[in-house]
Amino acid sequence: MLDTLLLQCAINKAWEYQTLALPNPSVGALLYAPQYGIISLQAHQKAGAPHAEVLAFAYSARKLFTHQGKLDLITHLDSLLSLPLTQQSEALHTFLIQNAQGLFQDCTLYVTLEPCTHFGKTPPCVELTKAMRPKRVVIGTSDPHTQASGGTKTLQQAGIEVVRGICEEAAQALLYPFICWQHNGYFRLFKLAMRINGDYTSGQISQKATQIFTHNQRSVSDTIIVSGETFRTDMPRLDSRFATPPYDSTHTPNVEILTRSTLTPTINPHFASRPAKICHSPDSLDTHRGFCIIEGGFGLLATLQQDIDMVLLHIAPNFYPNALPHASSNATHNTLYTLHLLHTTSHTGDISLWFKNP
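Let me sum up the structure you'll find in this document. (Residues numbered from 1 in each chain as written. Predicted model: local features only at pLDDT ≥ 70, side-chain atom pairs only at ≥ 80, totals over all residues. Heavy atoms only, no water.)

### Side note on helix 1 (residues 2-15)
Part 1 of the reasoning: In this model helix 1 runs 20 Å from its N-terminal to its C-terminal C-alpha over 14 residues, within 8% of the 20 Å that 1.5 Å per residue would give.
Part 2 of the reasoning: For helix 1, the set of buried residues is Asp3, Leu6, Leu7, Ala10, Ile11, Ala14 and Trp15. (Helix = DSSP H or I, 4+ residues; strand = E, 2+ residues; numbered from the N terminus. Expected span 1.5 Å × (residues − 1). Buried < 20%, exposed > 50% of the residue type's maximum accessible area, 1.4 Å probe, protein only.)

Here it is, written out as structure tokens:
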């Protein structure tokens, strides 16, 4: 029961950063010590940044060093965690191997995905895990990337107890964007914010934390697609200005506008000097490259349903009593559209529903 609860905590933590680490998978890791309980809960936040296991070991070491009064090691560790993201992982690996061996001998590491075995932008997590030698490692699911798989066998050969088969379905659901990317070379997310009565047209809907998450997603995306109606009516900026570190608030994704009518991007003052591509059919959209975010209403969702991998609904817990849900007059949108719910989060204050598009 404890293993299930703690691994689910790691899965939930990873969902808070879902898609933000693309083209890497979203991964969560938790370290549990019988004497202290949960000593660290971390997630992989961005490609090139330390993986979840590395962060879990680093912040756990910091806490245990505090109990031991090793202030010099804490100061050194803090300096490493302040390095540029691309420098942190290797520096943390080296520091932990030199200073934290034996620190986790009574601990259990819970990780949603088996530790990677290859040296890419960061060193292999399985080697760090072997060096830290936790008593047990509880793994959600195996790595579908053949180059990085094999962590379970490596840990077992090192004499570390490995537990599998717990929360496996939930851990696999977490990997869906990564699997799409691995199989196809791209991932397409449809995002819609609405109120609890289905209204998504009456002004600003999402709370600030949800806005930040959306802009963090935009900061790692390649393309944003909107409808001509949204572009004309809302005059959106479609930028990443609210993104917070480690995400780039200056990143501006490519913008494509799907419309049947004649439209000039400069009607939107935010695109007076920024290019945007006008597309008159779904076939002309660039939905087969990188991370593509489609933002719009249910009409656009129905139009592009064949070009969508996942649907993300942010539901604000409020509504205007006199506002009616938008209803399309297009008869082709009257067919029941069924999605498969993968996960629900509420860490931003809104209810966020992640659906797989069947």
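### So, the sheet that holds strand 7 (residues 223-227)
Part 1 of the reasoning: The strand order across the open sheet formed by 8 strands is 9-8-7-10-6-11-13-12, and the pairing between neighbours is mixed. This sheet does not close on itself; its edge strands, each paired only once, are strand 9 (277-279) and strand 12 (340-345). In this sheet, adjacent strand axes meet at a mean angle of 25° when their direction is disregarded.
Part 2 of the reasoning: With respect to the sheet, helix 1 is in contact with strand 11 (310-316), strand 12 and strand 13 (351-356), its orientation differing from that of strand 12 by roughly 90°. (Pairing = 2+ DSSP bridges. Axes fitted to C-alpha atoms, helices over the stretch in contact; angles between N-to-C directions. Contact = heavy atoms within 4.5 Å.)

### Focus: the pairing of strand 7
Part 1 of the reasoning: Within strand 7, 5 of the 5 residues are buried, which leaves the element mostly enclosed by the surrounding structure.
Part 2 of the reasoning: The alternating pattern of strand 7 places Thr223, Ile225 and Ser227 on one face and Ile224 and Val226 on the opposite face, and all of these are buried.
Part 3 of the reasoning: In this structure, strand 7 lies alongside strand 8 (residues 254-258), joined through 5 bridges in parallel fashion. The residue of strand 8 that forms the bridge with isoleucine 224 is valine 255.

### Some words on the packing of helix 3 (residues 71-81) against helix 4 (residues 85-99)
Part 1 of the reasoning: Between helix 3 and helix 4, the least distance of the axes is 9 Å, while the angle of their chain directions is 160°. Looking at the two axes, helix 3 sits roughly antiparallel to helix 4. Crossing geometry of helix 3 relative to helix 4 is assigned as left-handed. Here Leu73, His76, Leu77, Leu80 and Leu81 of helix 3 lie close against helix 4, whose contacting residues are Gln88, Ala91, Leu92, Phe95 and Asn99. (Parallel < 35°, antiparallel > 145°, perpendicular 65-115°, else oblique. Left-handed = near helix turned anticlockwise from the far one by under 90°.)

### Examining the nonpolar core
Part 1 of the reasoning: Membership of the largest hydrophobic core comes to 41 residues, with the highest contact counts inside it found for Leu31, Phe57, Phe65, Leu96, Phe104 and Met132.
Part 2 of the reasoning: Of all the secondary-structure elements, those providing two or more residues to this core are strand 1 (28-33), helix 2 (52-68), helix 3, helix 4, strand 3 (108-113), helix 5 (125-132) and strand 4 (136-141).
Part 3 of the reasoning: Once residues within four sequence positions are removed from consideration, methionine 132 is found in contact with Phe57, Leu96, Ile97, Ala100, Gln101 and Phe104.
Part 4 of the reasoning: Residues Val163, Phe213, Ala243 and Phe291 belong to the second largest nonpolar core, which totals 34 residues. (Core = buried A, V, L, I, M, F, W, Y, C linked by side-chain atoms within 4.5 Å.)

### Describing the layout of surface pockets
Part 1 of the reasoning: Of the pockets and cavities examined, the largest pocket occupies roughly 1400 Å³.
Part 2 of the reasoning: Residue lining of the largest pocket: 45 residues in total, with Thr230, Asp234, Glu295, Gly296 and Gly297 positioned closest to the centre.
Part 3 of the reasoning: Secondary-structure elements contributing two or more residues to the lining of the largest pocket are strand 6 (186-195), helix 9 (208-219), strand 7, helix 10 (228-234) and helix 11 (298-303).
Part 4 of the reasoning: At 6 residues, helix 10 tops the list of elements feeding residues into the lining of the largest pocket.
Part 5 of the reasoning: Of the residues contributing to the lining of the largest pocket, the split by class is 12 nonpolar, 24 polar and 9 charged. (1 Å grid on protein atoms, 1.4 Å probe; cavity = no way out; pocket = protein on both sides within 12 Å on 5 of 7 lines; lining within 4 Å. Points joined across faces, edges and corners; volume = space filled by probe spheres on them. Nonpolar A, V, L, I, M, F, W, Y, C, P; charged D, E, K, R; others polar.)

### What about the packing of helix 2 against helix 5?
Part 1 of the reasoning: Two elements in contact, helix 2 and helix 5, have axes separated by 9 Å at closest approach and are oriented at 30°. Considered as vectors, helix 2 and helix 5 are oriented roughly parallel to each other. Helix 2 and helix 5 meet at a crossing whose hand is left-handed. Where helix 2 abuts helix 5, its residues Glu53, Val54 and Phe57 lie against Cys125, Leu128, Thr129 and Met132.

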